[in-house]
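Summary of the model geometry
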Amino acid sequence: MTRAPADSNTATRPRWPEAVRAWPVWHLESRLRAYVIIVIAAGAAALAVAVALTPWRLSDAILYAFLLAFGAITVEAIRPVGESAGSNKDAHGVWQLAAAILLPPFYALAAAVLVIALSQWRVRRSLAYRRVFSAAAVGLSYGAASLAFHAAWHRPALAPSGHAGLLAWGPLTWMLLAIAVGCLRWTLNSALVLTAVRLAEPSARIRDLLGGNDGLYNDIAEGCVGVLVALSAAVSPLMLIVALPCGTLLQRSARHSQLVQASRTDAKTGLLSAVTWQREAAVQVARSIRTRTPLSVAMVDIDHFKAVNDTYGHLAGDGVLQAVARILTAGMREYDLAGRFGGEEFTLLLPHADAAEAIRIAERLRVALAAIPILAAAEQPPDDPPHITVSIGVASIVEGVTDLTDLLAAADTALYRAKRSGRNAVRLAGSPPPAS
């Protein structure tokens, strides 16, 4: 008896257990993977509980439809500029906070799912587990804010019919409660997201992850506009038409701020770009010369980096550059500046560091950087992979130095001496060569 040939599509299509095992989430570091799964599971459980406990009313559905339309327009507003692969600032919270305040918690939980799905479809495709995690984290934070607001307000929802209740309790009390739950939402969401980022990248700075001063200002503006949108919608959903331009302008402002921030950094390493580093360093050098306070710069060059690219591939070389950036960031003081000067060369600004202190910092970094292994992409890492070395030239403010250009020239000369002396060394500008 002959067997019918298997359908070609069935034969080539992976079975679902194999497809599940191939999901990128399983390749995360174990602690990060466990955390991501726990947050996603918590978000799904909260949504399921909210479905069972929510009192369904037509007035809530109508208001939610208006807010969903508001949210869809804010998503469309960022399509022209797109979305970067890293963390992004947006203004979706303008309408999501209104849903959390005005409607039962289910609507706030579901809003996060809908806006993330729309962003995935209309703006940029991203890894599914990242989108699902974001939806869970955002949904949990808004769900908690909604629960807190209604528990304090003693009303299941503040739909348009609740306008009289708003007046009875007083607009000031309502506004202060709305601001408080907005702060609660921001705190919970930041904690959930930043924990995941720090598990993935322990050396990441919290301030940088929050977007600096511009990011915090955007979060404050988003919360304030969200409270105003909720107040307008409490009077009448049609009032959202008046609030819509505020939401879309804030969305574009948030993305513009992020694009400006991205232009300041080197895309491959996350350090300051050469132009930004020189601009900020020049200001500090001029101040140090004027006030006669110590300051040093260092130039770090990866030894034989071209051979790394030629032997192990450019992906391995990119991995080395990123590892160097991580170690420089983790090994420097909070007020130091690190930048990528170009290619395999990095620059460091060390305020309040005289020559002796700068040499100690440079030596510590040289030793730490020598621990970076060179791992060829798409190959099983060997048990004892080769490691990189770096040469570092240091220059400090001395008599005759007038600006950053003088310091960089002196540091570059010291770097050349470190290269000529056999590499994997630190040299100070103006000092005699070490005894052989």
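This is a predicted model, so every value here is computed, not measured. (Residues numbered from 1 in each chain as written. Predicted model: local features only at pLDDT ≥ 70, side-chain atom pairs only at ≥ 80, totals over all residues. Heavy atoms only, no water.)

1. Thoughts on the nonpolar core
Going by this rule: Definition used in this section: a nonpolar core is a set of buried Ala, Val, Leu, Ile, Met, Phe, Trp, Tyr and Cys residues joined via side-chain atoms within 4.5 Å. Exposure is judged per residue with a 1.4 Å probe applied to protein chains only, and the accessible area is read against the type maximum: over 50% gives exposed, under 20% gives buried, and values in between give partly exposed. Numbered from the N terminus, helices here are DSSP runs of H or I no shorter than four residues, and strands are runs of E no shorter than two.
Counting 41 residues, the largest nonpolar core has Leu67, Ile101, Leu102, Phe149, Trp174 and Val229 as the members making the most contacts within it. Mapped onto this core, the elements with two or more residues apiece are α4 (58-77), α5 (93-102), α6 (105-122), α7 (128-153), α9 (171-200), α11 (212-235) and α12 (240-264). Take this core: its biggest share by element is 9 residues, from α6. Grouped together as the second largest cluster of nonpolar side chains are 31 residues, Phe346, Ala353, Val390 and Val394 included.

2. So, the environment of leucine 140
Which entries qualify depends on this criterion: Contact definition: two residues touch when any of their heavy atoms are within 4.5 Å.
Within the fold, leucine 140 resides in helix α7. A relative accessible area of 21% places leucine 140 in the partly exposed class. It is 9.2 Å that separates the C-alpha atoms of leucine 140 and leucine 192, two residues lying 52 residues apart in sequence. Not counting chain neighbours up to four residues away, the residues in contact with leucine 140 comprise Val39, Ala42, Gly43, Ala46, Leu109 and Leu192.

3. Some thoughts on the pairing of strand β2 (residues 337-342)
Side chains on a regular strand alternate between the two faces of the sheet. Heads up, the rule is: What makes two strands pair is DSSP finding at least two bridges between them.
As paired elements, β2 and strand β3 (residues 345-351) share 5 bridges and run antiparallel to each other. Bridge pairing links glycine 342 to glutamate 345 in β3. Joining the antiparallel neighbours β2 and β3 is a turn of 2 residues, in which glycine 343 adopts a positive phi near 60 degrees.

4. A word on unusual backbone geometry
The phi dihedral of arginine 292 is positive, around 60 degrees, even though this residue is not glycine. Here arginine 292 shows up in the loop between α13 (274-291) and β1 (295-302). For histidine 304, which is not glycine, the phi torsion reads 55 degrees and is therefore positive. Accessibility expressed as a relative area gives 52% for histidine 304, which makes it exposed.

5. Digging into helix α14 (residues 305-312)
Here is the rule: By arc we mean the arc of the directions from the helix axis to the C-beta atoms, nothing more.
What α14 keeps buried is the set Phe305, Val308 and Asn309. Projected onto a plane normal to the axis of α14, the buried residues spread over an arc of 95 degrees and lie on a single side. Seen from the open side of α14, the exposed residues pointing more than 90 degrees away from its buried face are Lys306, Asp310 and Thr311. Directly beyond the C-terminal end of α14, a positive phi value near 100 degrees is found at glycine 313.

6. Considering the sheet that holds β2
Cut-off, in case you're wondering: Convention adopted: a line fitted to C-alpha atoms gives each axis, helices being fitted over their contacting stretch, and angles between N-to-C directions are expressed from 0 to 180 degrees.
On the basis of which strands lie adjacent, the open sheet formed by 5 strands has the order β2-β3-β1-β4-β5 and mixed pairing. A single partner strand is all that each edge strand has here, and the edge strands are β2 and β5 (426-428). Neighbour-to-neighbour, the strand axes of this sheet turn through a mean angle of 20 degrees, independent of strand direction. Of the strands in this sheet, β1, β2, β3, β4 (390-396) and β5 touch helix α17 (residues 404-420), which is tilted by about 145 degrees from β4.

7. What about α17?
Note the cut-off: Expected helix span is taken as 1.5 Å per residue step, with the number of steps being one fewer than the number of residues. Polar contacts, as counted here, are pairs of nitrogen or oxygen atoms within 3.5 Å of one another; within protein the pair requires one atom able to donate a hydrogen and one able to accept it, and residues that are adjacent in sequence qualify only if both atoms are side-chain atoms.
With 17 residues, α17 should cover 24 Å at 1.5 Å per step; its first-to-last C-alpha distance of 24 Å lies within 8% of that length. Among the residues of α17, Leu404, Leu407, Leu408, Ala411, Ala414, Leu415, Arg417, Ala418 and Lys419 are the ones counted as buried. On its buried side, α17 packs onto α13, β1, β2, β3, β4 and β5. Where α17 begins, the capping side chain belongs to aspartate 403, and its oxygen is found 3.2 Å from the backbone nitrogen of threonine 405. One or two residues past the end of α17 sits glycine 422, with phi positive at roughly 120 degrees.

8. Regarding the pattern of salt bridges
Any two side chains of opposite charge can pair, so long as their charged atoms come close to each other. Let me state the cut-off plainly: Whenever Lys or Arg places a side-chain nitrogen within 4 Å of a carboxyl oxygen from Asp or Glu, that contact is recorded as a salt bridge.
A complete count under the given rule lists 10 salt bridges for this structure. With a shortest N-O distance of 3.4 Å, arginine 340 and aspartate 266 are connected by a salt bridge. With arginine 340 in strand β2 and aspartate 266 in the loop between α12 and α13, the pair connects residues that are 74 residues apart, well separated along the chain. For arginine 340, a relative accessible area of 14% translates into the label buried.

9. With respect to the confidence of the model for the protein chain
Low-pLDDT stretches of the model should not have their predicted coordinates read in fine detail. Where we set the bar: Think of pLDDT as the predictor's per-residue confidence, scored from 0 to 100.
The pLDDT averaged across the protein chain works out to 79; a share of 75% of its residues lies at or above 70. Summarising per-element confidence for the protein chain, the mean pLDDT is lowest in helix α1 (residues 8-12) (47) and highest in β4 (95). Considering only residues more than four positions removed or in separate chains, one finds that residues 1-11, a stretch of pLDDT under 50, has 0 contacts. This model gives residues 155-165 a pLDDT under 50, and the stretch forms 28 contacts once residues within four places in sequence are excluded.

10. Comments concerning the side chain of threonine 269
Inspection of the secondary structure puts threonine 269 in the loop between α12 and α13. Of note is the side chain of threonine 269, whose polar atom sits 2.7 Å from the side chain of aspartate 266. In this structure the side chain of threonine 269 is engaged in a polar contact, spanning 3.3 Å, whose partner is the backbone nitrogen of leucine 271. Apart from the residues within four sequence positions on either side, threonine 269 is in contact with Leu321, Ala325, Arg340 and Phe346.

11. Observations concerning the environment of leucine 315
Structurally, leucine 315 is set in helix α15 (residues 314-331). Spatially, the C-alpha atoms of leucine 315 and leucine 375 are 9.1 Å apart, while their sequence positions differ by 60 residues.

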